[in-house]
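# Notes for the structure review
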Amino acid sequence: MSVTFKINDNLYRVGEDVASTTSLLDYIRQRLELRGTKYMCRQGGCGACIVTVVRDGITMSVNSCLVSITSCHNWDITTIERVGNRVQGYHPLQTTLADYNGSQCGYCSPGWVMAMYSLLKAKPNVTMLEIENSLASNICRCTGYRPILDAFKTFGSDSPKPTKIVDIEDLDVMCKKTGEMCIKKNCEESEWCMVSQDDVMATITIYLNDGRIWFRVQELCEIFNIFRTYGVDNYMLVGGNTAKGAYPIIEYPRILIDITGVPILKSYMIDQNLVVGAATTLTELISIFQDVSNDDDFKYLLVLIGHLREVAHIPVRNIGTIAGNLMIKHMHRDFASDVFLLFETVGAKLKIQNYMAAAPKIISLQQFLNEDMKGTVIVSVMLPPRNYSYRIYTEKVAPRAQNAHAIVNAGFLYKLDAHARVKECRIVYGGLSSVFIRAFKTESHLINKELFNNATLQGAVKILANEIIVTREPEEFNVEYKRRVALNLLYKGLLALCPKNILAPRYQSGAIKIHQTRPVSEGLQIFETNPKIWPLNQPIPKVEGLIQCSGEAMYTEDMSKIPYEVFAAFVLTTVGSGNIGHIDPSRALREPGVIAFYSAKDIPGLNTFTVPDIVNASADEKVLCDGKVAYFNQPLGVIVAETTYIANKAALMVDVTYSNVRQPITDVRVAKTIPSMYNFYLNIKPTETLNDVSKIIKGSQSIFNQYHFCLENLAAISWPSDQVLITSATTQFLSNIQYTASKVLALPQNTFFCKTRRAGGAYGYKLSRTGMLSTMSNLVAHKLNRPCRFITPIQVQMRAIGKRMQSSTNYEVGVNQDGMIQYINYDIFEDNGCIVNELLINLATDTYYNCYDKRRWNYTSYNAITDTPSNTWFRAPGTLETITTDEMIMERIAYELDLDHLDVRLANLDPEHASVIKGMVNTVKTRANYDTRKQEVSKYNKENRWKKRGLRFTIMTWSGQGPSNLNIILSVYYTDGTVTISHGGIELGQGINTKAIQVCAYFLGIPTSKIKIIPNNTHTSPNNLHTAASVTSQNVALGVQRCCEKLLAELAPLRLKMNNPTWEELIYSAFKSGMSLQVTSYVSPNEIFDYKVYGVTLAEVEIDVLTGQWEILRLDLLEDVGLSVSPEIDIGQIEGAFIQGLGYWTTENIVYKESGEIVTDSTWTYWVPQARDIPQDFRVYFRKGSFSQDIILGSKATAEPATCMAVVVPLAMREAMVSARSESGLSSTKWFQIDGPYTVEKIGLACETRPEDFKFY
Ligand SMILES: Cc1cc2nc3c(=O)[nH]c(=O)nc-3n(C[C@H](O)[C@H](O)[C@H](O)COP(=O)(O)OP(=O)(O)OC[C@H]3O[C@@H](n4cnc5c(N)ncnc54)[C@H](O)[C@@H]3O)c2cc1C
Ligand code: FES
Ligand code: FES
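Residues numbered from 1 in each chain as written. Chains lettered and ligands numbered in written order. Predicted model: local features only at pLDDT ≥ 70, side-chain atom pairs only at ≥ 80, totals over all residues. Heavy atoms only, no water.

### Remarks on the overall build of the protein chain
For clarity, the cut-off: Segments assigned H or I by DSSP are reported as helices when at least four residues long, segments assigned E as strands when at least two residues long, and all are numbered from the N terminus. Whether a residue is buried, partly exposed or exposed follows from its accessible area with a 1.4 Å probe, protein chains only, as a fraction of its type maximum: under 20%, in between, or over 50%, in that order. The contact criterion used throughout is that any non-hydrogen atoms of two residues lie within 4.5 Å. Residue-level accessible areas treat just the shown protein chains as cover; the underlying method is Shrake-Rupley with a 1.4 Å probe.
The helix and strand inventory of the protein chain stands at 38 helices and 43 strands. Each principal axis of the C-alpha atoms in the protein chain carries an extent, and together these give about 95 × 80 × 65 Å. The proportion of buried residues among the 1257 residues of the protein chain is 66%. Considering only residue pairs separated by 6 or more positions, the protein chain has 77% of its internal contacts joining residues 24 or more positions apart. Accessible area of the protein chain: about 41,900 Å², with a carbon and sulfur share of 51%.

### Some remarks on the site of ligand 1
So the rule is basically this: Throughout, the term near means that a residue has one or more heavy atoms lying within 4 Å of the molecule or strand in question. Nitrogen and oxygen atoms within 3.5 Å of one another constitute a polar contact, given that in protein one can donate a hydrogen and the other can accept it, and given that sequence-neighbouring residues count only through two side-chain atoms. Residue polarity follows a fixed list, in which Ala, Val, Leu, Ile, Met, Phe, Trp, Tyr, Cys and Pro are nonpolar, Asp, Glu, Lys and Arg are charged, and the others, Gly among them, are polar.
Among the 39 residues in the neighbourhood of ligand 1, the closest are listed as Gly240, Thr242, Thr321, Asp338 and Lys396. Within the backbone of Gly240, one N or O atom sits 2.7 Å away from an oxygen atom of ligand 1. Coverage of ligand 1 by the protein chains reaches 96% of its 970 Å² of free accessible surface. Of all the secondary-structure elements, those providing two or more residues to the shell around ligand 1 are β10 (235-238), α9 (243-246), α12 (314-319), α13 (322-331), α14 (338-346) and β16 (376-383). When residues of the shell around ligand 1 are assigned to their parent elements, the largest contribution, 6 residues, is made by α13. Residue composition of the shell around ligand 1, by class: 20 nonpolar, 16 polar and 3 charged.

### Quick notes on the packing of helix α3 (residues 92-99) against helix α6 (residues 146-153)
Where we set the bar: A fitted line through C-alpha atoms serves as each axis, taken over the contacting stretch for helices, and the angle formed by two N-to-C directions is quoted from 0 to 180°. Relative orientations are named as follows: roughly parallel for angles under 35 degrees, roughly antiparallel for angles over 145 degrees, roughly perpendicular for angles from 65 to 115 degrees, and oblique for any other angle. Take the far helix as the reference: if the near one is turned anticlockwise from it by less than a right angle, the crossing is left-handed, and if turned clockwise, right-handed.
Closest axis-to-axis distance for the α3/α6 pair is 8 Å, and the angle between their directions is 140 degrees. Between α3 and α6, the crossing angle belongs to the class labelled oblique. Handedness of the α3/α6 crossing: right-handed. Residues Leu93, Thr96 and Leu97 of α3 touch α6, and the partners they reach there are Ile148, Ala151 and Phe152. Residue composition of the contact of α3 with α6, grouped by class: 5 nonpolar, 1 polar and no charged.

### A few points about the pattern of salt bridges
We count it as follows: Salt bridges are defined as contacts in which a side-chain nitrogen from Lys or Arg sits within 4 Å of a carboxyl oxygen from Asp or Glu.
As enumerated under the stated definition, the model contains 79 salt bridges in all. Residues Arg484 and Glu480 are paired through a salt bridge, measuring 3.0 Å at the closest nitrogen-oxygen approach. Remark: Glu480 and Arg484 occur in helix α18 (residues 479-497); sequence separation between them is 4 residues, near one turn of the helix. On the basis of relative accessibility, which here comes to 23%, the residue Arg484 falls in the partly exposed class. Across the pair Glu912 and Lys854 runs a salt bridge whose closest N-O atoms are separated by 3.3 Å. Of the two residues, Glu912 sits in helix α30 (residues 911-927) while Lys854 sits in the loop between β34 (821-831) and β35 (857-864), which places them 58 residues apart along the sequence. Overall, Lys854 belongs to the partly exposed group, its relative accessible area being 28%.

### Quick notes on unusual backbone geometry
Cis geometry marks the peptide bond from Glu473 to Pro474, where omega comes out at 0 degrees. Mapped onto the fold, Pro474 is located in the loop between α17 (454-467) and α18. Following Trp534, the chain continues to Pro535 via a peptide bond in cis, the omega torsion being 10 degrees. Note on placement: Pro535 falls in the loop between β20 (522-526) and α20 (545-549). Unlike most non-glycine residues, Asn8 shows phi in positive territory, near 50 degrees. Within the secondary structure, Asn8 is located in the loop between β1 (3-7) and β2 (10-14).

### Thoughts on the sheet that holds strand β25 (residues 635-641)
Cut-off, in case you're wondering: A pair of strands is labelled paired if DSSP reports no fewer than 2 bridges between them.
If you walk across this open sheet you meet the 7 strands as β23-β25-β21-β32-β29-β30-β31, and the pairing is mixed. This sheet does not close on itself; its edge strands, each paired only once, are β23 (594-599) and β31 (752-755). Sheet twist, expressed as the mean angle between neighbouring strand axes with direction ignored, is 25 degrees. For strand β21 (residues 566-572) and strand β32 (residues 788-791), the ladder comprises 3 bridges, and the chain directions are parallel. When the bridges of β32 are listed, Val566 appears paired with Cys788. Contacts from helix α22 (residues 644-651) reach β21, β23, β25 and β32 within the one sheet, and its direction differs from that of β21 by about 20 degrees. Strands β30 (725-729) and β31 of the sheet are contacted by helix α24 (residues 734-745), whose axis makes an angle of about 150 degrees with β31.

### So, the sheet that holds strand β9 (residues 213-216)
Pairing in this open sheet of 4 strands is mixed, and the strands run β8-β9-β11-β10 from one edge to the other. Both edges of this open sheet fall to β8 (204-207) and β10, since each of them pairs with a single strand only. Averaged over all pairs of adjacent strands, the angle between strand axes in this sheet comes to 15 degrees, irrespective of strand direction. Where β10 and strand β11 (residues 255-258) come together, 4 bridges link them in parallel fashion. Within β11, the position partnered with Val238 by the bridge is Asp258. Along the sheet, helix α8 (residues 220-230) makes contact with β8, β9, β10 and β11, crossing β11 at roughly 175 degrees.

### So, the side chain of Ser577
Mapping Ser577 onto the fold places it in the loop between β21 and β22 (578-584). A relative accessible area of 4% means that Ser577 is categorised as buried. Contact partners of Ser577, with chain neighbours within four places excluded, come to Val629, Asn660, Val661, Arg662 and Pro664.

### Details of α22
The complete set of buried residues in α22 reads Ile646, Ala647, Lys649, Ala650 and Ala651. Packing partners of the buried residues in α22 comprise β21, α21 (586-590), β23 and β25.

### Observations concerning the pairing of strand β41 (residues 1092-1104)
Of all the 13 residues making up β41, 13 are buried; the element is thus mostly covered by neighbouring parts of the structure. Burial along β41 is two-sided: Lys1092, Tyr1094, Val1096, Leu1098, Glu1100, Glu1102 and Asp1104 and Val1093, Gly1095, Thr1097, Ala1099, Val1101 and Ile1103, pointing in opposite directions, are all buried.

### Looking at the packing of helix α28 (residues 879-896) against helix α37 (residues 1208-1223)
At a minimum axis distance of 11 Å, the contact between α28 and α37 shows a crossing angle of 25 degrees. Of the possible angle classes, the one that applies to α28 and α37 is roughly parallel. Note that α28 runs across α37; the crossing there is right-handed. For the pair α28 and α37, contact is made by Glu887, Met888, Glu891 and Tyr895 and by Pro1210, Leu1211, Arg1214, Glu1215 and Val1218, respectively. Of the residues assigned to the contact of α28 with α37, the class counts are 5 nonpolar, no polar and 4 charged.

### As for the packing of aromatic side chains
Note the following rule: Any pair of Phe, Tyr and Trp rings, taking the six-membered ring for Trp, is counted once the centres come within 6.5 Å. Such a pair is stacked with planes under 30 degrees apart, edge-to-face with planes over 60 apart, and tilted for the rest.
Enumeration according to the criterion identifies 44 aromatic pairs in this entry. When the ring of Phe224 is compared with that of Phe227, the centres are 6.3 Å apart and the planes differ by 50 degrees; the resulting orientation is tilted. With Phe224 and Phe227 both in helix α8 and 3 residues apart, the pair spans about one turn of that helix. Considered together, Phe224 and Phe227 belong to a single accessibility category, that of buried residues. Between Trp946 and Phe1254 the ring centres are 6.0 Å apart and the planes differ by 70 degrees, which places this aromatic pair in the edge-to-face class.

### Description of the environment of Pro563
Within the fold, Pro563 resides in the loop between α20 and β21. A sequence separation of 223 residues divides Pro563 from Arg786, and the C-alpha atoms of the two residues are 8.6 Å apart.

### What about the environment of Val1105?
Topologically, Val1105 is positioned in the loop between β41 and β42 (1110-1119). Judged by relative accessible area, which is 1%, Val1105 ranks as buried.

### Some details on the pairing of β32
Side chains of β32 alternate between two faces, with Cys788 and Phe790 and Arg789 and Ile791 buried alike. Pairing of strand β29 (residues 715-720) with β32 involves 4 bridges; the strand directions are antiparallel. Within β32, the residue paired with Ala715 across the bridge is Ile791.

### Concerning a nonpolar patch on the surface
Filter applied, for reference: Without a salt bridge and with relative accessible area above 30%, a residue can belong to a patch; like charges are then joined within 9 Å and nonpolar side chains (Val, Leu, Ile, Met, Phe, Trp, Tyr) within 5 Å.
Taken together, the side chains of Tyr974, Tyr1068 and Phe1071 define a hydrophobic patch exposed on the protein surface, amounting to about 270 Å² of accessible area. Counting through the fold element by element, Tyr1068 comes out in helix α34 (residues 1063-1072).

### Here we look at the confidence of the model for the protein chain
Test applied: Each residue carries a pLDDT score, the predictor's own confidence in it, on a scale running from 0 to 100.
Scored by pLDDT, the protein chain has a mean of 95; 96% of the residues are at 70 or more. Low pLDDT, under 50, characterises residues 171-200; the predicted model gives this stretch 65 contacts beyond four residues in sequence or across chains.

Laid out in structure tokens, this is it:
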């Protein structure tokens, strides 16, 4: 038997040929070779894999990574290839996204297009706000979202600049039968109805090729029959199959029963209660609630709808079911299920039926948790009527605005009499602990009390404080925060329900959910451009934009299957420190499909993936652990298998013994106190010390790891060819791939031919770390003489591979009464992870004083180590640590001396930079209307107790890296004068190819359309250094310029002779006269061009004092970019860099267990900013009239500096927090230390809210 579905109008059937683990994503990419659909997390957390599905006549977006292919029965699926392409023409969504520069690396772009395409198909008349709110399913790590939102907003029904989709129907496909547009809703004739009604009703049984049996049933009794036949020890009821996004499934059980076709589980009715089938999806549930809420007794469902819209995101809600969600809670008590919370708050009941029982049971949600669910099906949920006398409030506090599970969620139901006395009450919490759900004692206390009364409130809070039980599960959240926020939410809920005539105006802000105040966001980009020098300095879209938005741009893993290829996966250590005793792979090798296991002893050459003689690298880093374990989850071997799935599974089956295991040290703050864990690196002495010291401030500032979160995972594919081993890898450093392969295999370097097309995000991650995989893919290909594909899942990347360095600075600063630094002793400890190799510490040497007076700066840097993966390059390494720490110190001086933060900064400026910085500060002050807004913020803070605002400046001087070895080849074709360029840089999303084309067109005087960029390789670009540190674009521009000048010089005599020929005529004649029409150039590391990049940023934020949640109301960023070669590309770099920095300072938190194991290893636990986390109003300006040096056409680096400027956000948050703390009686001149990201939890805790201040009036 089989299931049938359509993909892009073609009919497919699958059955015994697939496994339980074959997802729709795998099928699309691997079977059909439709590689336009991308993937990263495989857990519904990134959106790269979204496709459009028509199921039961409804169009929707779906995460193809979550769906089993056998779930797709009768689905009609559209992938990015069908939406638009270079042959049939591009879709307006694709062209608009490209035109707005909404793609940088482009790896996320097809997913965005598909999410938006599905949204418009499902709901053609969406407003701009609806569009912004609907994109929580997708992550972009490059752009910072601004251009994506601006592009998609043009499809809003209320857009002032609407993009026409010629007909909205062109979003749909033609009906094959009628020849008309088919919207596939209730359609009996169109191709959707490809399966006869009989087929639809038939039960399907499939014996999958991995021994599982897949059933698709139509009746409840069929489920029970299957239980009777096969037992109930090893089965799963498959609803949306999305729960694995939260709690991964390594192996599916033997019996899989698709219950989505059982009508009774999908229907709803109202008897006295609203009864909804348990297999109803969350999207359907919202729609049912919407319909039923017209009834007075069910108006309360509107509150639940608001909350349900915060559950996951649209594609997950489209297929994830009620029962599936409740069952996660049943299996994992610490799961803060929003669905469970809502149902328990309103007193819903569940109807469940066991296969052995004669009749179903009706149980409460609490009873459900204690019910043995083996062989039991949740049939429906019953929601009771709740008339106007009931008041309901629910709240979800999550680490970011959308698509994150709750840290704590809460629901409150109060039945009130005419005097607002409590007659019935339910207080429900999620996230506090597995054992605490209902606050029964607090509920009883409230009965018969007047609810909106200060004394009642105080009494309730005291009882609640004593009754709640909070534990540290899940481990990523802070216990004390959860305890405090639980109390705050009780108060917040009451504020929201309290009649406005009772509530004092100062407290009203506490009733507002901060994210719900967020309007449609907007942006402004202001720069000058000089048309006289166009195409140089011309704002143009990225040249690859369209092929990225259509999925046609190829990335490493998009290479089609190679015959006989094998797949590799790392085996990781399971202790954080110790020695490997014995490795026994026999269990893994017995697993069907496993081919080989290699450990360090199988490496014929050097066990290293780094290059010690270049790029600040100073040591050989081991590919595989060969004895002493350096950190938890260090790779110790490689499993090779017939599929990635088998390789990853078998990697967990290698048995390893360890000795001398000790507790690892993962925190740089601990490492810096242990002399054996750090080494002196550099001291820069002050040239003067002043004596007017009125205050000495001592302290320490630490920041932690950040995961790069590239949308394209690390991947390397190696295959033997006739003379060489070829490797295609996602990398920023091709020569490293070649060099390290040669070292590992002890073969000559020319045995290896390495190439890459582009990388799907890199940010420093793929500079050296890809070598961990590529050395091994080469080893496997060499040993087995078969192609080897090595792709690391996100969990392995987050666990086994290094990140942004942690750093910790001890400082002592003496200041006069104006806050002017008289002396400063500044000791920074940079955490390299387990080994000191890449000397990123060196990069801080030019920026240690940021823009402040270095004469009095006594700077000492130390290289520290911890028992963690070796840390590596990440946007603005070294510079970010010092610049942001300096800004924190300036802030502290201002607070402790009660001075204006900007005055303190300006008083301390380095004379070398002072005039530029002051000019830029004044520009921002004027543009941002600073003086007025400053007064408004202070007025707002006086008037509001529970929301606070902060407005802060930060300033920056950034210093870049010099050039590095780079080859450029420029070829011209004689028939039409078209040009190709191959350069040693790698397109990572930074627009290097676009800039190369603009420079070439400018110098040759030809249109940009005549130029194309050809991928490079280790033959065309031998020994080329990495693409990193924001300087490769300028180096490539320099090399292209040199090629053009060489060519023009060669053509000059001929041009003279020819009397003003066209370019085409000139080239044709040159060819005829025997010229080669190919030129090369080289940029050498010995060339030095030095410049500074200046930046000034002003942020206004608002925080919710009761929860710690925040919004950035406005952000003004002025950066000095020199003469921008390509202004729109540079705007994109700045916006993207800033938002990465924003994530670093707010949502991105790496948590280690005591064992050294990382807890935060997935999109379920690690949160990068999403579209609704960025500033509501984001304005970027370029400094006017700036120019670096002629040699690099006046340009400056843009990709890194803005990351450092994001420190302005925590600084603004501090002002808001200080205002809140002052109301709790804490002095504003007393510094409170916050290390690492200003998470919702840390903000909430730092506000030091006192429950005794909870009042209505
Ligand atoms: C990215 C992401 C974000 C999320 N965010 C949130 C969030 O913010 N808040 C929140 O509350 N949840 C969140 N979730 C969880 C989400 O709501 C659930 O994954 C979804 O509802 C599960 O439904 P499903 O049909 O896919 O379950 P499945 O994965 O199909 O099944 C899950 C389990 O339920 C059992 N089951 C299914 N149906 C029945 C039934 N009728 N009777 C008995 N057992 C049954 C199955 O046997 C299986 O063990 C998120 C999930 C993802 C992937
Ligand atoms: S790969 Fe499917 S959501 Fe990330
Ligand atoms: S362009 Fe979005 S992740 Fe790179």
